[in-house]
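# Survey of secondary and tertiary structure
Given next are the chains, with one letter for each unit.
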Amino acid sequence: MGCAASEPAAAVEEEPTIRSVPTSEMASGARAVRVVVIGAGTSGLAAARTLVDTWDSSKNGGPLELTVLEARNRIGGRTWTLVSEAPAAWNAADALGAPTDMGASWIHGSCPEHPITKIAKALGQTEGGGLVQTDDDSSEVVLCDTGKTPDDDKFDAYESMLEQAQEKAEDAETDKSIWQMLSGRSESGQTRDSALFQYHLATGAEFNTAGPASQLSAWSGFDDEEYEGSEVVWAKGYKTMYEALQSGAVKLNDGSNKVKVTAVAPGSRKPLAVQYGKRIREVAYDESGVKLTNADDGLVYQADYAIITIPLGVLKSSDPRSAVTFRPDLPRVTAEGIRALGFGNVVKVALLFPTVWWPEGTHYYGLAQAGEPDRGLFTYFLNVHALSDKPVLMTFALGSAADMAEKMSDAAVWEAIRTNLMTIFDSNDDVTVPEEMPHMIRSEWRADPHAKGAYTYCAVGTSKDTISAAFGSAVEGRLFFAGEHTSAAYRGTVHGAFQTGQQAARAVVANSRGAPAADSEEEEDD
């Protein structure tokens, strides 16, 4: 669909408005309500899908004229299943899908109330039939200094120390990092400097939040909410979800009470028309509407409302390949939230081998070693073969190791990975780690000009309140922010992104009806 467009500001006359509303509605004289969604990741697709599926022209001031602008040449954003982009070897090995999810992989806490699980169910995807459960308890951890697996991995001690540090922080006058608050804590022979503790810190706190422990708020770094359920991945990758949102294979309600998702037959679908290669460099707004300037050709899109799902890393960025200017400047509380919130990084490395050479049953292998960035540098391995029967291992760079890993060459990455694998399997005489580098795919979210990182965390001095204050209200009744960074309760998650997309859609509807903008905080499913 189109939206009102004009030539760049230097032009003398605006181009005629382009509308994509039904002829009958145009003939009735109804003025279209023009909405632009910036970004076709999870939140942008959720917002657009919700608007299309629930729009009531008679109540909302006129027919919907929706435009979805995407800076990339694909949908999905930071949910990205490699398919055509994957090297030929992966296709030849039929190893596409979950092994090639270079962004989000998991549905965290999958359960009947979970919004992403509801999408999966509508698509006929269930555990064992399209969704595959990973088992956190199926793991083997080896101590780097001994090469042996300890009788007790001290995970309970890790959790206890983390809890002690947070309780200690509550009595402090100012917020500090969780790393600072762990100083002096001990439990069952563990301190913050112990190898096992640091392994759990990297694969737990730093992986879950994308924040280095030295920057993660002790007050608020762990106060996000969770769904109680299993950890599952999509057998064919997250593209199953985002392609369904784009194609109209599922229909959404507005999510205002409980999220409802239903399957749509092929002949009844309403696909979203996404315009690719449209990076917005300027957002101008006032009480009369919004003007969005495209970076490449200077084309100006005019709209009544804009839903902005640009990642926090891009909002923070001064990189000319990424930067977005707002005119006038965003409200102080929004600008301060963008500046202060943390936007971390996680690097995923998928390794395709000719055959499976490692023990096949265990889901996770780990190497416990202390020190930063060593604790998070390729010390955690997911045995993808246990999930997909493909000869694939996936490993991660976490915490401060992530940004460093992005700058390493493939040869250096493989050398570091192989060294750690040799230590993990040193005591197993039946295992020989190959010398030759396998086929490798790496994520580079920090270097990506359309992401500038992986996901959001509460840095020292920030909290849920920072997120709510920054993004919880419409700006001038015209700009509505969505994305995982705008979710106080579920930041850093796909379901958080999805929910905020629906919230933004509801807020646009409320404004089109002359009502106050809806609060962007999540409404819980019962």
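Treat the numbers as computed from the prediction; the structure is a model and nothing was measured. (Residues numbered from 1 in each chain as written. Predicted model: local features only at pLDDT ≥ 70, side-chain atom pairs only at ≥ 80, totals over all residues. Heavy atoms only, no water.)

## So, the pattern of salt bridges
Taken as a whole, this structure holds 17 salt bridges when the rule is applied. As a salt-bridge pair, E484 and R78 come within 3.1 Å of each other at their nearest N and O atoms. A residue pair is termed long-range when its members are at least 10 positions apart, and E484 in the loop between β24 (479-481) and α15 (494-512) and R78 in the loop between β3 (64-70) and α3 (88-92) qualify at 406 residues. Each of R31, R34 and D304 takes part in salt bridges that share partners, so that together they form one network. (Salt bridge = Lys/Arg side-chain N within 4 Å of Asp/Glu carboxyl O. Helix = DSSP H or I, 4+ residues; strand = E, 2+ residues; numbered from the N terminus.)

## Comments concerning the packing of aromatic side chains
With the rule as written, the count across this model stands at 20 aromatic pairs. The interplanar angle of 85° and the centroid separation of 5.7 Å between the aromatic rings of W357 and F425 together place this pair among those described as edge-to-face. With W357 in the loop between β18 (347-352) and β19 (364-368) and F425 in the loop between α13 (410-424) and β22 (439-442), the pair connects residues that are 68 residues apart, well separated along the chain. Comparing W357 with F425 shows no difference in burial state: the two are buried. Joined through ring pairs, the aromatic side chains of W106, Y199, F207, Y364, Y380 and F396 make up one cluster. (Phe/Tyr/Trp six-rings, centres within 6.5 Å; stacked < 30°, edge-to-face > 60°. Buried < 20%, exposed > 50% of the residue type's maximum accessible area, 1.4 Å probe, protein only.)

## Digging into the confidence of the model for the protein chain
On average, the protein chain scores 92 in pLDDT, and the residues at 70 or more come to 92%. Predicted confidence is poor over residues 1-28, with pLDDT under 50, and the contacts of this stretch with residues over four places away or in other chains come to 55 contacts. Across residues 517-526, where pLDDT falls below 50, the model places 39 contacts with residues more than four positions away in sequence or in other chains. (pLDDT = per-residue confidence, 0-100. Contact = heavy atoms within 4.5 Å.)

## A word on a negative patch on the surface
A grouping of D156, E159, E163, E167, E170 and D171 is seen on the molecular surface, where their side chains present a negatively charged patch. Relative to the helices and strands, E159 resides in helix α5 (residues 155-170). (Patch = residues over 30% accessible without salt bridge, like charges linked within 9 Å, V, L, I, M, F, W, Y side chains within 5 Å. Areas by Shrake-Rupley, 256 points an atom, 1.4 Å probe, with all protein chains shown as cover. Lys, Arg positive; Asp, Glu negative; His and termini not counted. Charge placed at Lys NZ, Arg CZ, Asp CG, Glu CD.)

## Let's talk about the nonpolar core
The biggest cluster of nonpolar side chains holds 46 residues, and the ones touching the most others in it are V35, L51, L66, I116, M241 and I307. No other element matches the seven residues that α15 contributes to this core. Contact partners of I116, with chain neighbours within four places excluded, come to I107, W234, Y238, M241, V494, H495 and F498. Among the nonpolar cores identified, the runner-up in size contains 31 residues, and A98, A210, A350 and Y380 belong to it. (Core = buried A, V, L, I, M, F, W, Y, C linked by side-chain atoms within 4.5 Å.)

## Remarks on the sheet that holds strand β8 (residues 230-234)
The mixed open sheet is built from four strands, whose spatial order is β4-β8-β6-β5. Two strands in the sheet have a free side with no partner beyond their single neighbour: β4 (106-110) and β5 (126-127). Sheet analysis places strand β6 (residues 130-133) next to β8, joined by three bridges and oriented antiparallel. Across the sheet, Q133 pairs through a bridge with V232, a residue of β8. (Pairing = 2+ DSSP bridges.)

## So, the pairing of β18
Buried residues dominate β18, accounting for six of its six residues. Of the two faces of β18, the one lined by V347, V349 and L351 and the one lined by K348, A350 and L352 are each fully buried. Bridging between β18 and β22 involves four bridges; their strand directions are antiparallel. The residue bridging L352 from the neighbouring strand is H439, located in β22.

## Quick notes on the side chain of K348
Looking at where K348 falls in the secondary structure, it is placed in strand β18. An unpaired buried charge is present at K348: no salt bridge exists, and D101, the closest side chain of opposite charge, is 6.0 Å distant. Within the structure, K348 has its side chain in polar contact with the backbone oxygen of G103 (distance 2.9 Å). Beyond its immediate chain neighbours, meaning those up to four positions away, K348 contacts D101, M102, G103, A104, S105, M394, T395, F396, I441, R442 and S443. (Polar contact = N/O pair within 3.5 Å; in protein donor to acceptor, adjacent residues only side chain to side chain.)

## Things to note about the packing of helix α2 (residues 42-54) against helix α8 (residues 239-247)
Relative orientation of the contacting elements α2 and α8 amounts to 30°, with a least axis distance of 9 Å. Here α8 runs roughly parallel to α2, going by the angle between their axes. Crossing handedness for the pair α2 and α8: left-handed. Where α2 abuts α8, its residues T42, L45, A46 and R49 lie against M241, Y242, L245, Q246 and S247. In terms of residue class, the contact of α2 with α8 is built from five nonpolar, three polar and one charged. (Axes fitted to C-alpha atoms, helices over the stretch in contact; angles between N-to-C directions. Parallel < 35°, antiparallel > 145°, perpendicular 65-115°, else oblique. Left-handed = near helix turned anticlockwise from the far one by under 90°. Nonpolar A, V, L, I, M, F, W, Y, C, P; charged D, E, K, R; others polar.)

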